[in-house]
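A closer look at the structure
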Amino acid sequence: MAVGAVLFKALEGRVMTVQLDLLVMFGIACGLVGYQIAVATTVVHVENNCPPNVAFSYKPKGKTKETGGRGVDEPEHPPKRRERPSLRGNRSNGSLDIQESRSKSLALLRSSMKSTKGVFDQLQGKEAVPKEETPIVPAKTFAKFPDGAALGAHLNCWSSPPSNNFMVRGPNYLKDKKKVPSGDYLLPSRGCDLFLTDLAPVNLGRNRSLLEGRLRDVPTFIINYRLPWGVFLSYHEIPERFIPFLRRGNGHGDLSKPLPSTSNMPPGDRALCDFFLSDSHEKDAVWKIVPVVAQGPWMVKKVVGGKPAILGKQMPVSYVYQPPENGLAEYLEADLDIVSSAAARKILAVVRSYTQVLTVDLGFVVQGNRTEELPEQMMLGLRLHGLDPLTAELLPEFDDGSSMLDMDEDTEHDSD
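Here we summarise the structure given alongside this text. (Residues numbered from 1 in each chain as written. Predicted model: local features only at pLDDT ≥ 70, side-chain atom pairs only at ≥ 80, totals over all residues. Heavy atoms only, no water.)

Looking at the sheet that holds strand β3 (residues 143-144)
The six strands are arranged β3-β4-β15-β14-β10-β11 in an open sheet whose pairing can be described as mixed. At either end of the open sheet lies a strand with only one pairing partner, and these are β3 and β11 (309-310). In the packing of helix α6 (residues 267-277) onto the sheet, the strands contacted are β10 (287-295), β14 (359-366) and β15 (378-385), and the crossing angle to β14 comes to about 80°. (Pairing = 2+ DSSP bridges. Helix = DSSP H or I, 4+ residues; strand = E, 2+ residues; numbered from the N terminus. Contact = heavy atoms within 4.5 Å. Axes fitted to C-alpha atoms, helices over the stretch in contact; angles between N-to-C directions.)

See below:
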């Protein structure tokens, strides 16, 4: 009756005060009713364990038949016994089913109590207390290599190698096949990280702990090298002049607004703008890596080679774009499935024994296939000084509670 009165007054638009004790009693009653219903619906199958020699008397209007020396009245058409269906196939599971029913009833009771408290708070005009955000714990990142220090003097450091160390296609490459030293990098480097993990996660840019919590301070291009035992990440700032093309290529921003003209841009800028505008298949066809061993054993230098290679022909590459949100800058991430490349596995097998004595330059460039895209210009470059996986940190947990994705199946690609 009390519940009915509350509902009628609510429909009439009237406000009334309901005591908490009444609502709590109502919630407990609902829970107990559900518990009783759950137990009552449990059907226990009882088998007929009567001894076979026990006689039952039944006197119909039919004939009488002697059985086993003992008179037993038997009808011409004995009544059919109606079997009661059992909800279980085995009596031994009866206790488990009862426990399951009780667990469901208790869960129903707890849910009813929570709902009752929520209704009471609304009637009293109280607002729900917002859940506190998980604090961002900055992850340790690689230090920058000291200026003027000798190569090999420090481990787990990074720097930007001279861009003219990389040879790129010259202005007349389509005719004379000549290469020239590159100009400045288009995307300045911000740093790098190495983390240990049993999985090979993608879209690591959503982890707010990376780069000491400063990852999304500025627009960033992230390269995620997915290794068998961890991930190596490099971060590179995207200058403002490329942002309109990055957003348009990913369907973000005002699509009706015309893009800035590229006619007066240098060939390298024009090629990078086209790269940001293109889809994943077009990116895979022109994005090249140029690995160079600056210092290390002769065997490693021979295996690495330093020859440019189109990544899309060597391994699967996936791209993830995250637009700006809540004061956080956007990012574009390229996830490289290193394990799927036969050539990359071969290099890793040789390099893993010398990582602490290696100084490696990793350069990337957008290939120029047209005259207006030449000469090429290095997109970015990172020098890694003495990598020591034994000192690497574990991959920080994601603050949004999302899970990491497993590695894809290995697929081999022909080398370019």
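Past the structure itself, the notes keep going.
With respect to unusual backbone geometry
Cis geometry is found at the peptide bond from Leu374 to Pro375, where omega equals 0°. Position of Pro375 relative to the elements: it lies in the loop between β14 and β15. In this structure, Glu212 takes a positive phi of about 55° despite not being glycine. Mapped onto the fold, Glu212 is located in the loop between β7 (189-196) and β8 (220-226). With a relative accessible area of 39%, Glu212 lands in the partly exposed category. A positive phi is found at Asn326, a non-glycine position, where the angle reads about 50°. Inspection of the secondary structure puts Asn326 in the loop between β12 (317-322) and β13 (331-337). Taking relative accessible area as the criterion, Asn326 reaches 78% and is therefore assigned exposed. (Buried < 20%, exposed > 50% of the residue type's maximum accessible area, 1.4 Å probe, protein only.)

Focus on helix α9 (residues 342-351)
Among the residues of α9, Ala344, Val350 and Val351 are the ones counted as buried. Seen along its axis, α9 keeps its buried residues to an arc of 125°; they face one direction. Capping the start of α9 is the job of one residue whose side-chain oxygen sits 3.1 Å from the backbone nitrogen of Ala344: Ser341. (Arc of directions from axis to C-beta. Polar contact = N/O pair within 3.5 Å; in protein donor to acceptor, adjacent residues only side chain to side chain.)

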